[in-house]
Amino acid sequence: MRWEGRRGSGNIEDRRGMGVRLPIGGGIGGIVLLLLFSALTGTNPIDLINVGGGDAAPPVGTTGVREDDPQSQFVSVVLADTEETWRKIFDERGDAYTPPILVLFTQATSSACGTGSSAMGPFYCPADRRVYLDLSFFRDLDQQFGAPGDFAQAYVIAHEVGHHVQAAMGLSERMAGMRERLDERQANALSVRQELQADCYAGVWGFYAAKRGLLEAGDAEEGLRAAAAIGDDRLQRQKQGQVVPESFTHGSSVQRVDWLRRGMDAGRPETCDTFSSESSRDRGM
Ligand SMILES: [Zn+2]
């Protein structure tokens, strides 16, 4: 991607290295106690850090990114580009787009949706309208999932922003209401449609990014490779050696690639109606 030298977003909150709240009052005394306890019991101090209650105020990170930190600058430029894209699309329908805040964190941080940990991968919390990202996921994407490249990373960011767009359009709330009335299998199928729509919205961003000259040869392929790499069937085969379609929550590799491509080809969010789409390919397979 040709991202260097482009404008970054002001909507980045950097919580890296801030950790999460401690169970024993915190502060230096708390840290000493924690380390002492962990030395005595052989527990990893990270495991002792309170990851429970979501009612305490989350830590407030610094705003913006540093000049000497290319990885977070990249995130910031991609985020700014999603802002431009969705602002334009919302404008055209007479709506105002309020962009999400993107929180960079390491290991774990609190959100209005509970404590987020790096192991969960990047996520969007509709309750605080924030995207949470530990940059170590990009290393996993490359090394564990075999999906290297900056556009693969940009797709991940744009997918999370896609969830924000869903929230901004009121879809997330409707989904949450529907989910309560469904059994697990039906709720999973609904989740797949929601995730595929976020993929398609990521594609819509990709369409505009290409128009603005951000993409280079091979970028689209990087994105599609990443979408395939994090399909439920591929992940399940890797983890448990078998595939259970009823338990899919994000969609198969084929579905994810298909919807990302649809968004990229059309550049219109209307194309992303994964909910009424009935072709056999779009259903749970
Ligand atoms: Zn998602």
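Anything mentioned here points back to the structure above.
Residues numbered from 1 in each chain as written. Predicted model: local features only at pLDDT ≥ 70, side-chain atom pairs only at ≥ 80, totals over all residues. Heavy atoms only, no water.

Participant: Outline the packing of helix α3 (residues 70-92) against helix α5 (residues 150-168), supporting the account with residue identities and numerical values.
Facilitator: With their axes 10 Å apart at the nearest point, α3 and α5 run at an angle of 40° to one another. Relative to α5, α3 is oriented oblique. Considering the relative orientation of α3 and α5, their crossing is right-handed. Along its contact with α3, which presents Phe74, Val75, Val78, Leu79, Thr82, Trp86 and Phe90, the element α5 presents Asp150, Gln153, Ala154, Ile157, Ala158, Val161, Val165 and Ala168. Classifying every residue of the contact of α3 with α5 by side-chain character gives twelve nonpolar, two polar and one charged. (Axes fitted to C-alpha atoms, helices over the stretch in contact; angles between N-to-C directions. Helix = DSSP H or I, 4+ residues; strand = E, 2+ residues; numbered from the N terminus. Parallel < 35°, antiparallel > 145°, perpendicular 65-115°, else oblique. Left-handed = near helix turned anticlockwise from the far one by under 90°. Contact = heavy atoms within 4.5 Å. Nonpolar A, V, L, I, M, F, W, Y, C, P; charged D, E, K, R; others polar.)

Participant: Help me get a handle on the pairing of strand β3 (residues 101-104), residues and values and all.
Facilitator: As paired strands, strand β1 (residues 12-14) and β3 are joined by three bridges and run parallel to one another. Of the residues in β3, the one forming a bridge with Asp14 is Leu104. Summarising the sheet, β3 and strand β7 (residues 130-133) pair through four bridges and their orientation is parallel. The residue of β7 that forms the bridge with Ile101 is Arg130. (Pairing = 2+ DSSP bridges.)

Participant: Summarise the pattern of salt bridges; cite the residues concerned and give the values.
Facilitator: Using the criterion set out here, one finds twelve salt bridges in the structure. Here Lys88 and Glu92 are joined by a salt bridge, their closest N and O atoms 2.7 Å apart. Taken together, the residues span about one helical turn, with Lys88 and Glu92 both in helix α3 at a distance of four residues. For Glu92, a relative accessible area of 56% gives the class exposed. (Salt bridge = Lys/Arg side-chain N within 4 Å of Asp/Glu carboxyl O. Buried < 20%, exposed > 50% of the residue type's maximum accessible area, 1.4 Å probe, protein only.)

Participant: Give a detailed account of the state of the cysteines, specifying residues and quantitative values.
Facilitator: Using the criterion set out here, one finds two disulfides in the structure. Between the sulfur of Cys113 and that of Cys125 lies a disulfide, 2.0 Å long from S to S. The sign of the S-S torsion, about 90°, decides the handedness of the disulfide formed by Cys113 and Cys125: right-handed. Taken together, the positions of Cys113 in the loop between β4 (108-111) and β5 (114-117) and Cys125 in strand β6 (residues 123-125) put the pair twelve residues apart, joining distant regions of the chain. (Disulfide = S-S within 2.5 Å.)

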